[in-house]
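# Secondary and tertiary structure notes
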Amino acid sequence: MKRREILAAAACFVVAVAAAATTALGANVSYDHRALVIDGKRRVLISGSIHYPRSTPDMWPDLLQKSKDGGVDVIETYVFWSGHEPVQNQYNFEGRYDLVQFIKLAAKAGLYVHLRIGPYVCAEWNYGGFPLWLHFIPGIQLRTDNEPYKAEMKRFTAKIVDLMKKEKLYASQGGPIILSQIENEYGNVDSAYGPAAKTYINWAAKMAVSLNTGVPWVMCQQKDAPDPIINTCNGFYCDQFTPNSNNKPKMWTENWSGWFLSFGGAVPYRPVEDLAFAVGRFFQLGGTFQNYYMYHGGTNFGRTSGGPFISTSYDYDAPLDEYGQLRQPKWGHLKDLHKAIKLCEDALLATDPATTSLGSNVEATTYKSGSVCAAFLANTGTSDKTVTFSGNSYKLPAWSVSILPDCKTVAFNTAKVWLWSLNFTREAIDGDSDWSWIDEPVGITKDDAFTKPGLQDQINTTSDQSDYLWYSLR
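As the structure is a computational prediction, the values presented were derived from the model and not from experiment. (Residues numbered from 1 in each chain as written. Predicted model: local features only at pLDDT ≥ 70, side-chain atom pairs only at ≥ 80, totals over all residues. Heavy atoms only, no water.)

Turning our attention to the overall build of the protein chain. Along the protein chain, the regular secondary structure elements total ten helices and 18 strands. Counting over 474 residues, the protein chain shows a buried share of 53%. In the protein chain, 65% of the contacts between residues at least 6 apart in sequence involve partners at least 24 apart. Carbon together with sulfur atoms contributes 53% to the accessible area of the protein chain, which is approximately 21,700 Å² in total. (Helix = DSSP H or I, 4+ residues; strand = E, 2+ residues; numbered from the N terminus. Buried < 20%, exposed > 50% of the residue type's maximum accessible area, 1.4 Å probe, protein only. Contact = heavy atoms within 4.5 Å. Areas by Shrake-Rupley, 256 points an atom, 1.4 Å probe, with all protein chains shown as cover.)

Take a look at the structure:
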């Protein structure tokens, strides 16, 4: 079967899977050592991050459909506490923060959802997603074994879970949410918290499980995530990642499609050949759930961008650019990659990988069970190689993975990018534009001025109502 015939067959397969996702929501979701198990069946899942506040509600249906068309099965999003509770006990779930509507639109498109509650999210978001009023609670210490903080974290997490349950959005209720996340990359900073870090993370896991969502919970970048929480990988490459238990699947919650943009910095760019190589290697070596961070990055509206010097654009060199247009060849090349991976799904899920060396920097991984067989041939070196596998000869470009859904024919190579046409449309804007601006006073007014020795703490002084703290010296 030729490459295009294989991909055409994969297109039919993806449509069938999508239809199943639309009608089979409400399944029991669990996991084993190989994969997430939905309604008793292991699944290979391609996920993409879209953050609902970084686009407008009018954009959501198109973004979700383009994700689906690109071979995405799951939409992953953080939950932004500062946007939903800007004032303590005063909630906002409207406009760009209409989380329920965003999830319902994902379900309507036939997509699953991974809800990363956090509630600390980082995400290059102002104050890491924490509402500023947390900072002023007496005795509070954030992200550690501290009673005032834990009380607020549990209250907000339960608020989100209860809202999802009320709207019947968990898979166990017939909704699209198949995963939830508690905390976020805490393993990168837990050493700074001393012994309290361990008791805190155990408490967070127990608290999350106690909310009875009916779906698994994950912790990213958390090697000591306690059972039954699944620990997951974030990074540019996660093929060498191993879960902390033989009973947990190999999952990648953040495959960085690019990077965030800083004011004055170079525009981030990650070649699609490298991104596809990372994905191919991950599935080659036992992965079954992979998420692009970001699939659509969007825009940091208002004063939501974090620091230091994060720009208002959160384009992230993602497959869908800041405005929701297809970024070619990235979107199209990844679409073909997803089709090829889906052709291997039965073999991937039927058994564990068997990897052998075919020479320096060349590996072959085979999944064979009964009549199904799939293989991956990887060249991790800097020069092209020709190898023999199962009696056949294959040319492997440098830094590439070839996918053989039948263990014989190459359906896709990550380094061979086809030319994609760029069909952009320009629409004239009629009437007045919707642009607006904030006129922020410059300098010190007499009413707001005060006298104190030394520099002042920015957040304590401005309560994050302004980016400016003006000093007059004499």
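Once the structure has been displayed, the description carries forward.
Summarising the element assignment, T77 is placed in strand 5 (residues 74–78). Its relative accessible area of 0% is what places T77 among the buried residues. Aside from chain neighbours lying at most four places away, what touches T77 is I50, H51, Y52, F102, H114, L115 and R116.

It is worth spelling out the state of the cysteines at this point. With the rule as written, the count across this model stands at two disulfides. The disulfide partner of C233 is C238, and the gap between their sulfur atoms is 2.0 Å. Given an S-S torsion of about -75°, the disulfide between C233 and C238 has left-handed geometry. Summarising the burial analysis for this pair, C233 and C238 share the class buried. For C373, the disulfide goes to C407, at an S-S distance of 1.9 Å. Its torsion about the S-S bond being -85°, the disulfide of C373 and C407 is classed as left-handed. Of this pair, C373 sits in strand 14 (residues 372–379) while C407 sits in the loop between strand 17 (400–404) and strand 18 (412–413), placing them 34 residues apart in sequence. The exposure classification of C373 matches that of C407, with both residues buried. Bonded cysteines in the protein chain are paired 1-2, 3-4 when counted in the order they occur along the chain. Free of any disulfide, C122 has its nearest cysteine sulfur in C220, 9.8 Å distant. Among the cysteines around C344, which has no disulfide bond, C407 carries the closest sulfur, lying 8.3 Å off. Residue C344 is classed as buried on the basis of its relative accessible area, which comes to 1%. (Disulfide = S-S within 2.5 Å.)

On to the nonpolar core. Core analysis: the largest hydrophobic core is formed by 116 residues, its most contacted members being L64, L115, M164, I178, L337 and I403. Contact partners of I178, with chain neighbours within four places excluded, come to V29, L36, I38, L45, V74, Y112, V113, A171, V215 and P216. Formed by eleven residues, the second largest nonpolar core is a distinct cluster that contains A364, L377, L396 and C407. (Core = buried A, V, L, I, M, F, W, Y, C linked by side-chain atoms within 4.5 Å.)

To continue, consider the confidence of the model for the protein chain. Looking at the protein chain, pLDDT values average 91 and 90% of them are 70 or higher. Low confidence marks residues 1–25, where pLDDT is under 50. Its contacts with residues over four positions away, or in another chain, come to 35 contacts. (pLDDT = per-residue confidence, 0-100.)

A cluster of nonpolar residues, F236, Y237, W259 and W399, forms a patch on the protein surface that exposes about 380 Å² of accessible area. With respect to the helices and strands, the residue Y237 is situated in the loop between strand 9 (230–235) and strand 10 (251–256). Residue classification places Y237 among the partly exposed residues on the basis of a relative accessible area of 40%. (Patch = residues over 30% accessible without salt bridge, like charges linked within 9 Å, V, L, I, M, F, W, Y side chains within 5 Å. Salt bridge = Lys/Arg side-chain N within 4 Å of Asp/Glu carboxyl O.)

What follows deals with the packing of aromatic side chains. One pass over the structure, following the stated rule, counts 31 aromatic pairs. Relative to W256, the ring of F236 has its centre 5.0 Å away and its plane inclined at 85°; by these criteria the two rings are edge-to-face. Of this pair, F236 sits in the loop between strand 9 and strand 10 while W256 is found in strand 10, placing the two residues 20 residues apart along the sequence. According to the relative accessible area criterion, F236 is partly exposed, its value standing at 32%. Judged by its relative accessible area of 15%, W256 falls in the buried class. Both rings, one in W256 and one in W259, keep their centres 5.1 Å apart while their planes meet at 70°; by these two values the pair is edge-to-face. (Phe/Tyr/Trp six-rings, centres within 6.5 Å; stacked < 30°, edge-to-face > 60°.)

Glancing now at the side chain of T414. Secondary-structure assignment places T414 in the loop between strand 18 and helix 10 (458–462). Apart from the residues within four sequence positions on either side, T414 is in contact with E273, A276, F277, H333, W399, S400 and V401.

Reading across from one edge, 12-13-14-17-18 is the order of the five strands in this open sheet, with antiparallel pairing throughout. Whereas interior strands pair on both sides, the edge strands pair on one side only; in this sheet they are strand 12 (354–359) and strand 18. Of the strand pairs in this sheet, strand 17 and strand 18 are connected by two bridges, and their pairing is antiparallel. The partner of S402 across the bridge, within strand 18, is N413. (Pairing = 2+ DSSP bridges.)

Where helix 5 (residues 147–166) contacts helix 6 (residues 196–210), the axes come no closer than 11 Å and their chain directions differ by 25°. Here helix 5 lies roughly parallel to helix 6, going by the angle between them. You can see that helix 5 and helix 6 cross each other, and the crossing is right-handed. Residues Y149, K150, M153, K154 and T157 of helix 5 pack against Y200, W203, A204 and M207 of helix 6. The class makeup of the residues in the contact of helix 5 with helix 6 is six nonpolar, one polar and two charged. (Axes fitted to C-alpha atoms, helices over the stretch in contact; angles between N-to-C directions. Parallel < 35°, antiparallel > 145°, perpendicular 65-115°, else oblique. Left-handed = near helix turned anticlockwise from the far one by under 90°. Nonpolar A, V, L, I, M, F, W, Y, C, P; charged D, E, K, R; others polar.)

Turning to the pairing of strand 13 (residues 362–369), a few remarks are in order. By the bridge criterion, five bridges tie strand 12 to strand 13 in an arrangement that is antiparallel. Note on strand 13: the bridge partner recorded for T355 is T365. Once strand 12 ends, the chain turns through two residues before running back antiparallel as strand 13, passing N361 with a positive phi of about 65°. Relative to strand 14, strand 13 runs antiparallel, the two sharing eight bridges. Bridging from a neighbouring strand, T365 pairs with F376 of strand 14. Connecting strand 13 to the next strand, strand 14, in antiparallel fashion are two residues, including G370 with a positive phi near 60°.

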